[in-house]
Amino acid sequence: MRIARFSIDGNVAFGAVEGEGTVESGGLVLDIIKGIPYTDFELSGTKVPLSKVRLLPPVLPNKVVAIGRNYAEHAAELGNEVPDVPVAFFKPTTSVIGSGDAIEYPSFSNELHHEAELAVVIGRMCREVPRERVKDVVFGYTCANDVTARDAQQREKQWARAKGFDTSCPLGPWVETELDPSDLTIQATVNGEQRQLGRTSDMVRSIEDLVVHITEAMTLLPGDVILTGTPAGVGPLNVGDEVAVTIEGIGTLTNKVIKRG
């Protein structure tokens, strides 16, 4: 099931996406959900065309835990080794935007990069999750773009500003709850030109590995997000560019880069 979060007439709600096609092509409708989707929920039967609503970030995470250098070819393209243990960092909630929202080019950077990623959405509060229970705590999956101020990342010892600036974490367009994430095509295009193309099967550490590793240290809450790393092919974004992240079985997350006003 595809679960979207949206606004219409000033109201915010979740809905199940029905129909075929893309956000832009039409043909999709939302069946409004009663309540929130992390627990047992009912569909209201009230349906609205997706074209009549504004899509929001599909979740509002308490925290986004991101993993660096989880694809060997990406680590190599930036001159890095694959780390012995997962490299984890945070992106703040103020970095999260939805599909169709603008990425604001940060004033402290001259080298902004896209990073297409599979995002894991947590569905229940969990801590110290054993490997065999990981599927029980995952709500679903969505597309993410770990937008990075590469020059700031390289000159600063911490990645907080480089990867945590406002609008640096596009998520969307919705959460797919019924998906095997082990071998999916993941790609990024800029202005229609393919930049990244990989498969989730190329991850150095699996989703199970990452959930176990993260929850050894911290409690994850419903709606929290794990970014699982990016394949090779990261590259520059300029003001005016449109960047799209597409993941097999989920859909396409699209954002335009604008000058921070």
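Okay, so let's go over this structure. If you're wondering where the values come from, they're calculated on a predicted model, not measured in any experiment.

**Focus: the overall build of the protein chain**
Phase 1 of the analysis: Each helix and strand in the protein chain was counted, giving five helices and 20 strands.
Phase 2 of the analysis: For the protein chain, the C-alpha radius of gyration of 17 Å lies close to 18 Å, the compact-globule estimate for 261 residues.
Phase 3 of the analysis: In terms of overall dimensions, the protein chain has C-alpha extents of about 55 × 45 × 30 Å along its principal axes.
Phase 4 of the analysis: Here the protein chain, with 261 residues, has 52% of them falling under the buried criterion.
Phase 5 of the analysis: If you take every contact in the protein chain between residues at least 6 apart in sequence, the share linking residues at least 24 apart comes to 70%.
Phase 6 of the analysis: With an accessible surface of roughly 11700 Å², the protein chain has 48% of that area assigned to carbon and sulfur atoms.
Phase 7 of the analysis: Averaged over its 25 positive side-chain charges, the protein chain has a centre that lies 5 Å from the centre of its 36 negative ones.

**Comments concerning the side chain of threonine 254**
Phase 1 of the analysis: Positionally, threonine 254 belongs in strand E20 (residues 251-259).
Phase 2 of the analysis: Residue classification places threonine 254 among the buried positions, given a relative accessible area of 15%.
Phase 3 of the analysis: The contact partners of threonine 254, leaving out residues within four places of it in the chain, are Glu24, Ser99, Gly100, Glu242, Val243 and Ala244.

**Re the nonpolar core**
Phase 1 of the analysis: Among the nonpolar cores identified, the biggest contains 38 residues, and Leu30 and Ile247 are the most heavily contacted of them.
Phase 2 of the analysis: Every element with two or more residues in this core is listed here: strand E1 (2-8), strand E6 (64-68), strand E11 (116-122), helix H2 (134-137), strand E12 (138-145), strand E15 (185-190), helix H5 (207-215) and strand E19 (242-247).
Phase 3 of the analysis: Listed in part, the 19 residues of the second largest apolar core include Ile33, Val96, Trp159 and Cys169.

**Description of unusual backbone geometry**
Phase 1 of the analysis: A cis geometry characterises the amide bond from glycine 172 onward to proline 173, with omega recorded as 0°.
Phase 2 of the analysis: One non-glycine residue, glutamate 128, lies in positive phi territory at about 50°.
Phase 3 of the analysis: Within the secondary structure, glutamate 128 is located in the loop between E11 and H2.
Phase 4 of the analysis: For glutamate 128, a relative accessible area of 55% translates into the label exposed.

**Quick look at the sheet that holds strand E13 (residues 148-149)**
Phase 1 of the analysis: Strand order in this open sheet of three strands is E13-E10-E18, and the pairing throughout is antiparallel. Two strands bound the open sheet, and with one partner strand each, they are E13 and strand E18 (235-237).
Phase 2 of the analysis: Relative to E13, strand E10 (residues 112-114) is paired through two bridges, and the arrangement is antiparallel. Opposite histidine 113, over in E13, you have threonine 148 as the bridge partner.

**Regarding the sheet that holds strand E9 (residues 102-105)**
Phase 1 of the analysis: Here we have five strands laid out as an open sheet, ordered E9-E20-E19-E15-E16, and mixed in their pairing. Bordering the open sheet on either side are E9 and strand E16 (193-199), each of which pairs with just one other strand. Sheet twist, expressed as the average angle between the axes of neighbouring strands with direction ignored, equals 20°.

**Some words on the environment of serine 95**
Phase 1 of the analysis: One can find serine 95 in the loop between strand E7 (87-91) and strand E8 (96-97).
Phase 2 of the analysis: For serine 95 and serine 168, which are 73 residues apart along the polypeptide, the C-alpha to C-alpha distance reads 5.0 Å.
Phase 3 of the analysis: In this structure serine 95 touches Gly164, Phe165, Asp166, Thr167, Ser168 and Cys169, once residues within four positions along its chain are discounted.

**Looking at the pattern of salt bridges**
Phase 1 of the analysis: For the structure shown, the criterion picks out 15 salt bridges.
Phase 2 of the analysis: In this structure, the salt-bridge partner of arginine 150 is glutamate 115, at a minimum N-O distance of 2.7 Å. Of the two residues, arginine 150 sits in helix H3 (residues 150-155) while glutamate 115 sits in the loop between E10 and E11, which places them 35 residues apart along the sequence. Glutamate 115 matches arginine 150 in its accessibility class, with the two residues each being buried.
Phase 3 of the analysis: For aspartate 151, the salt bridge identified is with arginine 155, shortest N-O distance 3.9 Å. Placement of both aspartate 151 and arginine 155 in helix H3 is noted, with a separation of four residues, approximately one turn of the helix.
Phase 4 of the analysis: In this structure aspartate 151 comes out as buried when scored by relative accessible area, which is 15%.

**Let's talk about the state of the cysteines**
Phase 1 of the analysis: In this structure the tally under the stated criterion is zero disulfides.
Phase 2 of the analysis: Of the cysteine sulfurs around cysteine 126, a residue in no disulfide, the closest is that of cysteine 169, at 18 Å.
Phase 3 of the analysis: This cysteine, cysteine 169, is not joined by any disulfide, and cysteine 143 carries the nearest cysteine sulfur, 12 Å off.
Phase 4 of the analysis: Exposure remark for cysteine 169: the relative accessible area of 0% places this residue in the buried category.

Here is what the cut-offs are and how they apply
- Residues numbered from 1 in each chain as written.
- Predicted model: local features only at pLDDT ≥ 70, side-chain atom pairs only at ≥ 80, totals over all residues.
- Heavy atoms only, no water.
- Helix = DSSP H or I, 4+ residues; strand = E, 2+ residues; numbered from the N terminus.
- Rg over C-alpha atoms; globule rule 2.2 N^0.38 Å.
- Buried < 20%, exposed > 50% of the residue type's maximum accessible area, 1.4 Å probe, protein only.
- Contact = heavy atoms within 4.5 Å.
- Areas by Shrake-Rupley, 256 points an atom, 1.4 Å probe, with all protein chains shown as cover.
- Lys, Arg positive; Asp, Glu negative; His and termini not counted.
- Charge placed at Lys NZ, Arg CZ, Asp CG, Glu CD.
- Core = buried A, V, L, I, M, F, W, Y, C linked by side-chain atoms within 4.5 Å.
- Pairing = 2+ DSSP bridges.
- Axes fitted to C-alpha atoms, helices over the stretch in contact; angles between N-to-C directions.
- Salt bridge = Lys/Arg side-chain N within 4 Å of Asp/Glu carboxyl O.
- Disulfide = S-S within 2.5 Å.

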